[in-house]
Amino acid sequence: MKLTIIGYWGGYPGVDEASACYLLEKNGYKLALDFGSGALSKIQKYTNVLELDAVILSHYHADHVADIGVLQHILLVQSYITGHTKKVKIYGHRENPLEFRRLDDEYTEAVEYDPNNALKIGPFFIRFLRTKHPVPCFGMRITDGKSTIVYTGDSAYQDEWIKFSKGADLLLSECNYYKGQDGTAAGHMTSEDVGHIASEADVKEVILTHLPHFGHHPQLLNETKEQFNGKIQLAKEGLIWERE
């Protein structure tokens, strides 16, 4: 199982970068986790978009879905140029019906996931956790039967993350606030929150993502290390995490 960071900013992309998007690959199957602003431009550095099999969305805030429209458009244009007709499946929840319907297009297929049940997408099995966020959002525990990644999507701290993340090989966690700040109202976590979850859940490794547009990002790393003594990295474009 191979994970490549495509975009890692919260809210909006930095210059020549992208907001939330992560490419997950296994045995030739390619699944994007979220598809935020700038994702289409950046993902083409790491894969042919026409080889993308599916996208799964944690929620419908723009920094996680903004490039779905341009994904649909590139598939349309490429159908004229190359004759490509493969539909990309886009998995989303239906708690925002209008947003869900927008996922359906001539070259994309909207597929509803039920957050109360496990989902199989290609070689991946996914379970969901409702997060603490201003809109319906679902974190994901993803396994290929050998390794496990927990992706938080957007969420304020909740104790449920500890059980949900237990023993994961990787915690890909949002970290939009620094130690001592309070992200509860905004629906985001601090470095302390992530470190506490990682330590209590005994995860093997952490990547901090959905990073803020203020402060000094290495500070987030150091603050998380106060709580968790395992391997921690800051997300950056092109960062690869891989397990056999």
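Here is what the cut-offs are and how they apply
- Along each chain, the written sequence defines residue order, and numbers are assigned to residues from 1.
- The predicted origin of the model limits local features to residues at a pLDDT of at least 70 and limits the giving and counting of side-chain atom pairs to 80 or more, whereas totals for whole chains, interfaces and linings rest on all residues.
- The basis for every side-chain value is the complete set of non-hydrogen atoms in the structure, without hydrogens or water.
- Secondary structure elements are defined from DSSP: runs of H or I of at least 4 residues count as helices, runs of E of at least 2 residues count as strands, and each element is numbered from the N terminus.
- The globule rule used for comparison is 2.2 Å times the number of residues to the exponent 0.38, while the radius of gyration itself is calculated over C-alpha atoms.
- In what follows, a contact means two residues having at least one pair of non-hydrogen atoms within 4.5 Å.
- Only the protein chains shown count as cover for residues, and all accessible areas are computed by the Shrake-Rupley method using a 1.4 Å probe.
- Note that His is not counted, nor are the chain ends; the positive residues are Lys and Arg, and the negative ones are Asp and Glu.
- Taken as the charge location is NZ of Lys, CZ of Arg, CG of Asp or CD of Glu.
- With a 1.4 Å probe rolled over the protein chains alone, any residue whose accessible area is under 20% of its type maximum counts as buried; one over 50% counts as exposed, and the rest are partly exposed.
- UniProt positions are given in the numbering used here, feature names are shortened, and annotations may be inferred rather than shown by experiment.
- A pair of strands is labelled paired if DSSP reports no fewer than 2 bridges between them.
- To get an axis, fit a line to the C-alpha atoms, keeping to the stretch in contact for a helix; angles then go from 0 to 180 degrees between the N-to-C directions.
- Any pair of nitrogen or oxygen atoms within 3.5 Å is treated as a polar contact; in protein, a donor-acceptor pairing is required on top of that, and neighbouring residues in sequence qualify only through side-chain atoms on both sides.
- Angle categories: roughly parallel below 35 degrees, roughly antiparallel above 145, roughly perpendicular from 65 to 115, and oblique for all the rest.
- Each crossing is labelled by how the near helix is turned from the far one, with a counterclockwise turn of less than a right angle marking it left-handed and a clockwise turn marking it right-handed.
- Here the nonpolar group is Ala, Val, Leu, Ile, Met, Phe, Trp, Tyr, Cys and Pro; Asp, Glu, Lys and Arg are the charged ones; every other residue, Gly included, is treated as polar.
- Note on terminology: a nonpolar core comprises buried Ala, Val, Leu, Ile, Met, Phe, Trp, Tyr and Cys residues joined through side-chain atoms within 4.5 Å.

J.: How would you sum up the overall build of the protein? Please name residues and give values.
T.: Each helix and strand counted, the protein has 7 helices and 14 strands in total. Over its C-alpha atoms the protein spans a radius of gyration of 17 Å, differing by no more than 12% from the 18 Å that the globule rule assigns to 244 residues. With respect to the three principal axes, the spread of C-alpha positions in the protein is 55 × 35 × 35 Å. Sequence-distant contacts in the protein: of pairs separated by 6 or more residues, those separated by 24 or more amount to 58%. For the protein, the exposed surface amounts to about 10200 Å²; the carbon and sulfur share of it is 47%. Here the protein contributes 25 positive and 33 negative side-chain charges, whose respective centroids are spaced 5 Å apart.

J.: Please set out helix H7 (residues 217–225) residue by residue, giving values where relevant.
T.: Within H7 the residues assigned to the buried category are His217, Leu220, Leu221, Glu223 and Thr224. In this structure, the buried residues of H7 make contact with helix H6 (191–201), strand E12 (205–209) and strand E13 (231–234).

J.: Explain the UniProt feature "domain: Metallo-beta-lactamase" (unreviewed entry) in the protein residue by residue, including any values.
T.: Here the UniProt-annotated "domain: Metallo-beta-lactamase" (unreviewed entry) positions come out as residues 18–210. Counted over residues 18–210, helix gives 24% and strand 29%. Its end C-alpha atoms are 10 Å apart.

J.: Outline the pairing of strand E3 (residues 29–35), supporting the account with residue identities and numerical values.
T.: A regular strand places its side chains so that they alternate between the two faces of the sheet. Counting buried positions along E3 gives 7 out of 7 residues, so the element sits mostly inside the fold. Inspection of the sheet shows strand E2 (residues 21–26) paired to E3 by 6 bridges, in the antiparallel sense. In the strand pairing of E3, Glu25 is matched with Lys30. Where E2 hands over to E3, the hairpin turn is made up of 2 residues, of which Asn27 adopts a positive phi near 50 degrees. Summarising the sheet, E3 and strand E4 (residues 54–56) pair through 3 bridges and their orientation is parallel. From the neighbouring strand, Ala32 faces E4, where its bridge partner is Val55.

J.: Quick rundown of the sheet that holds strand E7 (residues 119–121)? Include the residues and the values.
T.: As summarised here, the arrangement of the 7 strands in space is E7-E8-E9-E10-E11-E12-E13, forming an open sheet in which the pairing is mixed. With one partner strand each, in any of the chains shown, E7 and E13 form the two edges of the open sheet. With direction set aside, neighbouring strand axes in the sheet form an average angle of 20 degrees. Here strand E8 (residues 124–130) runs beside strand E9 (residues 138–143); their pairing, made up of 6 bridges, is antiparallel. By the bridge assignment for E9, Phe128 is matched with Met140.

J.: Account for the environment of Thr184, with residues named and values stated.
T.: Looking at the secondary structure, you find Thr184 in the loop between strand E11 (170–174) and H6. Between the C-alpha atoms of Thr184 and His133, which are 51 residues apart in sequence, the distance is 8.3 Å. Engagement of the side chain of Thr184 in a polar contact is seen with the side chain of Asp182, the distance being 2.6 Å.

J.: Any chance you could break down the packing of H6 against H7 for me, citing the residues and the numbers?
T.: Viewed as axis vectors pointing N to C, H6 and H7 meet at an angle of 40 degrees, and their least axial separation amounts to 8 Å. Relative to H7, the element H6 is oriented oblique. As for the relative orientation of H6 and H7, their crossing is right-handed in sense. Where H6 approaches H7, its residues Ser191, Val194 and Gly195 are matched on the opposing element by Leu220, Glu223 and Thr224. Grouping the constituent residues of the contact of H6 with H7 by class yields 2 nonpolar, 3 polar and 1 charged.

J.: So what's going on with the sheet that holds strand E5 (residues 88–92)? Which residues, and what values?
T.: Strand order in the open sheet formed by 7 strands is E6-E5-E4-E3-E2-E1-E14, and the pairing between neighbours is mixed. The open sheet has two free edges, formed respectively by strand E6 (108–112) and strand E14 (240–242), since each of these has just one partner strand. When the angles between neighbouring strand axes are averaged without regard to direction, this sheet yields 20 degrees. Relative to E2, strand E1 (residues 2–7) runs antiparallel, the two being bridged by 5 bridges.

J.: An account of the nonpolar core is needed here, citing residue identities and associated values.
T.: Leu3, Leu31, Ile56, Ile121, Val206 and Leu208 are the most contacted members of the largest nonpolar core, which totals 54 residues. Ignoring any residue separated from it by four or fewer positions in sequence, one finds Ile56 in contact with Leu31, Ala32, Leu33, Asp34, Tyr91, Tyr113, Leu119, Ile121, Ile126, Phe128 and Met140. Counting 25 residues, the second largest nonpolar core, distinct from the first, contains Phe35, Leu75, Ile90 and Tyr107.

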